[in-house]
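Structural features, examined
For reference, the chains in residue letters:
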Amino acid sequence: MRNPSLLAIGECMVELSVNSQNSLQHSFAGDTYNSLVYAKRWQPEIDCFFLSGIGQDMFSSMMTKHWQKHGIHSQFTLSSPEHNVGIYAIKNDPNGERQFDYWRKNSAATQLMSLIEQSDSESTWPHFDLVYFSGISLGILAEDDKSRFIDLIKRLRSKGSKIAFDPNYRPKMWTGKAHAIKWLEAAYGVSDIVLPGTEDHQDLLGHTGVEEIVSYCTKHQVSELVIKAGKQGVFAFENAQAVCHVPFTPAKVQRDTTAAGDSFAGVYLACRMANKDVQSAIEQASGAAGLVVQHQGAIVEHSIFDVFRQQFTQAL
Ligand SMILES: Nc1ncnc2c1ncn2[C@@H]1O[C@H](COP(=O)(O)OP(=O)(O)OP(=O)(O)O)[C@@H](O)[C@H]1O
Ligand SMILES: O=C(O)C(=O)C[C@H](O)[C@H](O)CO
């Protein structure tokens, strides 16, 4: 029997942060890539593929080696002769809340749609059981490319892939709220599973409660809806019917919240691909995200994460 397959689409960047010795450290990260890494770590039997654009610069080759180390396949990622990978830096406040600075304009990942079309590679892709993208995957693309991207998702869906989406709203990527809402709705309209935060919906649409988010998503035909409501916990709905509420369990320390939502999404999707029910998938995803916030950077060191995963899953 073939392994389940997960394709994440988006941008991976060089990640810079300042460590406890006050020196600059680098890694590689980007929201949908981060989710893919955590999905692979949680359910190693899943074949994980990343679709993006990279360059021919030094960081691009370090980046793909880094993916390999994490068991992420890069054969569908395309290389641009003219564009380099982007960079971002993390700043944390004393509560570990993160802010990012970006150097990503015209990065290779922004060229994804042209790279796919020029390489004529889409017809060679295998079937993917689940395809995951985010508001950032869309936000980095030029306006025409956003439409072509949604068409690509529709084609994958019509061939039988399930589609999952996290809004990951970043105001600076959009000309205004109306612009972001237009593409949020386009994304919801082609997705089976969506994983918004209450903050995304509050900032963008002024939604003040879970019920408003449910009725909005239901209007857009979302069937599996997982709402991250901060300290109120996580609420899940299937076809507008409440499935469960998982309360928030605060981590011992919150050092850096980067990738809390990404690790949540990766572990949630991995659990669903392994046929775990929605409640158990949320419990596992929340557990993993609670570990991630205790560490600097998007991707927690493998050995620390593995020990955690083993202890967590043994206790289930
Ligand atoms: N301090 C914390 N302690 C325990 N769990 C946390 C903490 N912060 C976040 N989480 C977990 O992570 C999940 C996602 O967090 P949040 O909604 O803040 O992510 P996000 O805003 O999407 O983050 P990002 O975009 O940086 O990945 C929460 O639902 C919760 O399960
Ligand atoms: O903000 C982005 O575009 C990133 O992908 C950087 C971070 O890794 C990501 O936001 C964390 O959720």
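Model, not experiment: these values are computed from the prediction.

Counting secondary structure elements, the protein chain contains 11 helices and 15 strands. Taking 20 Å as the expected radius of gyration for a compact globule of 316 residues, we find that the protein chain reaches 18 Å, a close match to that expectation. For the C-alpha atoms alone, the extent of the protein chain along its principal axes is close to 50 × 50 × 45 Å. Residue burial in the protein chain is summarised as follows: out of 316 residues, 57% are buried. In the protein chain, 71% of the contacts between residues at least 6 apart in sequence involve partners at least 24 apart. Of the accessible surface of the protein chain, which amounts to about 14000 Å², a share of 51% is contributed by carbon and sulfur atoms.

Attention now goes to the UniProt feature "domain: Carbohydrate kinase PfkB" (unreviewed entry) in the protein chain. Per the UniProt annotation, the sites labelled "domain: Carbohydrate kinase PfkB" (unreviewed entry) are residues 5-299. The straight-line gap between the two end C-alpha atoms of residues 5-299 is 21 Å; of that span, 38% is helix and 23% is strand.

Further remarks concern the site of ligand 2. Near ligand 2, the surroundings consist of 13 residues, among which D31, Y88, Y102, R170 and D262 are the closest. Take D31: an N or O atom from its main chain is 2.7 Å from an oxygen atom of ligand 2. Note that an oxygen atom of ligand 2 is positioned 2.9 Å from one of the side-chain N or O atoms of R104. Protein chains bury 98% of the 320 Å² of accessible surface belonging to ligand 2 in isolation. At the level of elements, α1 (31-42) and β9 (98-103) are the ones that each hand at least two residues to the shell around ligand 2.

Most of strand β1 (residues 5-9) sits out of view: 5 of its 5 residues are buried. Bridging between β1 and strand β4 (residues 47-51) involves 5 bridges; their strand directions are parallel. Within the sheet, the bridge partner assigned to L6 lies in β4 and is C48. Both β1 and strand β10 (residues 130-134) contribute to a ladder of 3 bridges, which runs parallel. Each residue of the ladder has a partner; that of A8, found in β10, is Y132.

Ranked by internal contacts, the top residues of the largest apolar core, which has 56 residues, are L6, L195, F264, Y268 and I282. Setting aside anything within four residues of it in sequence, one finds Y268 in contact with I193, L195, E224, V226, V278, A281, I282 and A285. In terms of nonpolar packing, the next biggest core, distinct from the first, is built from 49 residues, F76, I136, L138 and M173 among them.

What follows is about the sheet that holds strand β8 (residues 87-92). The sheet built from 4 strands is open, its strands ordered β3-β2-β8-β9 with mixed pairing. The outermost strands of the open sheet, each flanked by one partner alone, are β3 (24-29) and β9. Here the average twist between neighbouring strands, direction ignored, is 30 degrees. Relative to β3, helix α2 (residues 58-69) is tilted by about 65 degrees, and along the sheet it contacts β2 (13-18) and β3.

Together, D93, E97, E199 and D203 give the surface a local cluster of negative charge. Tracing the backbone shows D203 in helix α7 (residues 198-205). According to the relative accessible area criterion, D203 is partly exposed, its value standing at 36%.

So, on to the packing of aromatic side chains. The final tally for this structure, using the stated rule, is 20 aromatic pairs. Ring geometry for F133 and F165: centres 4.8 Å apart, planes at 45 degrees, overall tilted. Residue F133 is found in strand β10, and its partner F165 is found in strand β11 (residues 162-166); the two are separated by 32 residues along the sequence. Looking at F165, the relative accessible area reads 1%, which means it is buried. For the pair F264 and Y268, a centre-to-centre distance of 6.4 Å together with 0 degrees between the ring planes defines the contact as stacked. One end of the pair is F264 and the other is Y268, both in helix α9 (residues 260-273) and 4 residues apart, which spans about a single turn.

Below, the discussion takes up the pattern of salt bridges. Taken as a whole and assessed by the stated rule, the structure comprises 12 salt bridges. For K146, the salt bridge is made with E143, and the minimal N-O distance between the two is 3.8 Å. Of this pair, K146 and E143 both sit in helix α5 (residues 143-158), 3 residues apart, which is roughly one turn of the helix. Note on E143: relative accessible area 34%, which makes it partly exposed. Between E224 and R272 there is a salt bridge, with the nearest N and O atoms lying 2.8 Å from each other. With E224 in strand β13 (residues 224-228) and R272 in helix α9, this residue pair connects regions lying 48 residues apart in the sequence.

What counts, and where the lines are drawn
Residues numbered from 1 in each chain as written. Chains lettered and ligands numbered in written order. Predicted model: local features only at pLDDT ≥ 70, side-chain atom pairs only at ≥ 80, totals over all residues. Heavy atoms only, no water. Helix = DSSP H or I, 4+ residues; strand = E, 2+ residues; numbered from the N terminus. Rg over C-alpha atoms; globule rule 2.2 N^0.38 Å. Buried < 20%, exposed > 50% of the residue type's maximum accessible area, 1.4 Å probe, protein only. Contact = heavy atoms within 4.5 Å. Areas by Shrake-Rupley, 256 points an atom, 1.4 Å probe, with all protein chains shown as cover. UniProt positions renumbered as here; feature names shortened; annotations may be inferred. Near = heavy atom within 4 Å. Polar contact = N/O pair within 3.5 Å; in protein donor to acceptor, adjacent residues only side chain to side chain. Pairing = 2+ DSSP bridges. Core = buried A, V, L, I, M, F, W, Y, C linked by side-chain atoms within 4.5 Å. Axes fitted to C-alpha atoms, helices over the stretch in contact; angles between N-to-C directions. Patch = residues over 30% accessible without salt bridge, like charges linked within 9 Å, V, L, I, M, F, W, Y side chains within 5 Å. Salt bridge = Lys/Arg side-chain N within 4 Å of Asp/Glu carboxyl O. Lys, Arg positive; Asp, Glu negative; His and termini not counted. Charge placed at Lys NZ, Arg CZ, Asp CG, Glu CD. Phe/Tyr/Trp six-rings, centres within 6.5 Å; stacked < 30°, edge-to-face > 60°.

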